[in-house]
Amino acid sequence: MASLMRRISELATLRRKTKRMAREKSLPPKRAPLPHRIPVKRRSEKVFLGFLFSLALLLVVAVDGKGFSFGSPAEVSSFMGLSILVVLLNMLFAKYISTFQREVAASFGKLLLFFLLTLVVVGCARASVFNPSWPPFLIPISFLAVVLAAAVNQRFAFEATCYVMPFVGLILRQRFDGSELFVHVLVPYLGALTALLAARSIRRRSTLMRIGFITGLTQVATLVAMVCVLRFSGEWGELTYLLYGIGCAFAHGVGMGVVVLGTLPVLEYVFSVTTDITLLELSDQYEQPVLKKLLLEAPGTHHHSMMVATLAEAAAARIGCNGLLARVGALYHDIGKMNKPEYFAENGEEVARELHDSLTPAMSTLVICAHPKDGMELGRYYDLPPSVLDFVEQHHGDTLVEFFFDKARRLKNVSEPMDESAFRYPGPRPQTKEVGIVMLADCVEATSRGLKDPNSSRIETLIHGLVMKRLLDHQLDDCALTLRELAAIEDAFNQVLVGVFHKRPKYPENMGRGRGSFEPPRVQKEKEEVIPAEAPKGPVASGTKGDGSFSKKGELFS
């Protein structure tokens, strides 16, 4: 707590200084753009899509075996009541998503996937009413939960499951009454909750089969428990019907795992979403052509990206973000440097210095700032997913290229403020926490290379200064990182870098010369010549002869 209060105090002091300097120079303070701003065209498309979804949902919920018939006031009032419920639930859920799930609200593909899965679940519930022989345990609520947990996140999957259950209950009430309705709603609901909790980390395809097995067992246990509560009343008192229901509940869970295993790659491609399985495939350096090309053409950039990936994964795991996404994004964030690798210092400092000395600072800045755009073109060519391309485009935000900006000031020999716009990256700034972490890891790793005699205190001071610089430059305004999370990120960076720059003791040159030691033949020959032929044959305790010269026996054990 004391460390957090100290950082807050430092931040407040720096902000006051920044505002005072802005007033003195008659320059208005920089205003950050509205976070997660959605273009008007895309926003109108989402509104229209939401309207179509609500209309389709109303039609599926309201229609029954007779279709639409408004012959009596009761039927009209029923339809009006269902319409009000559908509109009200959709408005509340849309407001909830726009407030607490901004990443989902900003993604057209994720919204479309959610709408489609919801209509599939509600449509299956309606089909079970039209066809009484279809067990309601086969309604794919757990399928919706697992797919959304893998493609979006667990929290949104839970919210979507809670959202769709009232519609399933409204439909099943036309077939079941009382305790029967409660059983057929509770069993798939608890199965879906179990499935999404087990789907926390789907990094192997065999995990989906395990999730299906656990879901099936949970539904069977729930069904047996509810039948015991109902005291085997009605049809549940018949052993044949009970075993049939148990078989359907277990088969639904196992079948869900098989169906998700087959359809998940298709859903990823169609709706432009990325799961952990795809991220693991993208991190395989022996299979991905982009990473192999980066290793061959820009080995220094490849090593830098590996270090940034290690820092970013540790920091993301510390604050509860997607560490795998941060790692993969860091591996690809600098692929644009392959276009001109010789202009970047990590691929050869002397060559890069000579090339930039022949250019003006403004031209050097254009070359350096072009690598995010070049990386985007290369990433699209190799079909990288949008979630990874965000790292390529946003990892520098609109930061200032300080080295060439200072060089330009020195060449012009002016002390007055210069226009920084020509020496800044084009942006945009990081829009997610993972991209913000990679931005910080990128600058920390690159700057730490210049530390002389790095130790824990110097590394900690360096990290804190760089994080504060990015914060005061408004680079982290759009990615929602809090001060508490920044403190945790600094601690994770420090822990990793201290391990990277660890020191080892200096060993004496003659240490370890034992039975397996090696010396050049010339040296061995010289030492053999020193030993007289009349050397004593017995062991010598000190390892020397009487005249003090070393013998071969004594030297081996020295």
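These remarks concern the structure in this document. (Residues numbered from 1 in each chain as written. Predicted model: local features only at pLDDT ≥ 70, side-chain atom pairs only at ≥ 80, totals over all residues. Heavy atoms only, no water.)

Topic: the packing of aromatic side chains
Logical step 1: Evaluated as defined, the whole model comprises 14 aromatic pairs.
Logical step 2: Here the aromatic rings of F93 and Y163 are separated by 4.5 Å at their centres, their planes lie at 20°, and the arrangement is stacked. Of this pair, F93 sits in helix α3 (residues 73-100) while Y163 is found in helix α7 (residues 154-172), placing the two residues 70 residues apart along the sequence. In this pair, the class of F93 matches that of Y163, namely buried. (Phe/Tyr/Trp six-rings, centres within 6.5 Å; stacked < 30°, edge-to-face > 60°. Helix = DSSP H or I, 4+ residues; strand = E, 2+ residues; numbered from the N terminus. Buried < 20%, exposed > 50% of the residue type's maximum accessible area, 1.4 Å probe, protein only.)

A closer look at the layout of surface pockets
Logical step 1: Looking at the second largest pocket, its volume works out to about 1,400 Å³.
Logical step 2: Surrounding the second largest pocket, 37 residues form its lining, A345, E346, F403, A446 and T447 being those nearest its centre.
Logical step 3: When contributions to the lining of the second largest pocket are tallied by element, the ones reaching two or more residues are α13 (299-319), α15 (349-357), α19 (402-412), α20 (433-448) and α21 (456-472).
Logical step 4: Considering every element that reaches the lining of the second largest pocket, the biggest residue donor is α20, with six residues. (1 Å grid on protein atoms, 1.4 Å probe; cavity = no way out; pocket = protein on both sides within 12 Å on 5 of 7 lines; lining within 4 Å. Points joined across faces, edges and corners; volume = space filled by probe spheres on them.)

Section: unusual backbone geometry
Logical step 1: In this chain, G427 is followed by P428 through a cis amide linkage whose omega measures 0°.
Logical step 2: Of note, P428 is situated in the loop between α19 and α20.
Logical step 3: Positive phi, close to 50°, is recorded for D453, a residue that is not glycine.

Quick word on the side chain of Q288
Logical step 1: Residue position: Q288 is located in the loop between α11 (276-282) and α12 (289-297).
Logical step 2: In contact with Q288, other than residues within four places in its own chain, are E281, L282 and Y332. (Contact = heavy atoms within 4.5 Å.)

Some remarks on the pattern of salt bridges
Logical step 1: Tallying each qualifying case throughout the model produces 15 salt bridges.
Logical step 2: Among the ionic pairs, D357 bridges to K407, the shortest N-O distance being 3.8 Å. Of the two residues, D357 is situated in helix α15 and K407 in helix α19; the sequence distance between them amounts to 50 residues.
Logical step 3: Looking at K407, the relative accessible area reads 15%, which means it is buried.
Logical step 4: E402 is the partner of K469 in a salt bridge, and the nearest nitrogen-oxygen pair spans 3.5 Å. You can see K469 sitting in helix α21 and its partner E402 sitting in helix α19, a full 67 residues away along the chain.
Logical step 5: The class of K469 is partly exposed, set by a relative accessible area of 37%. (Salt bridge = Lys/Arg side-chain N within 4 Å of Asp/Glu carboxyl O.)

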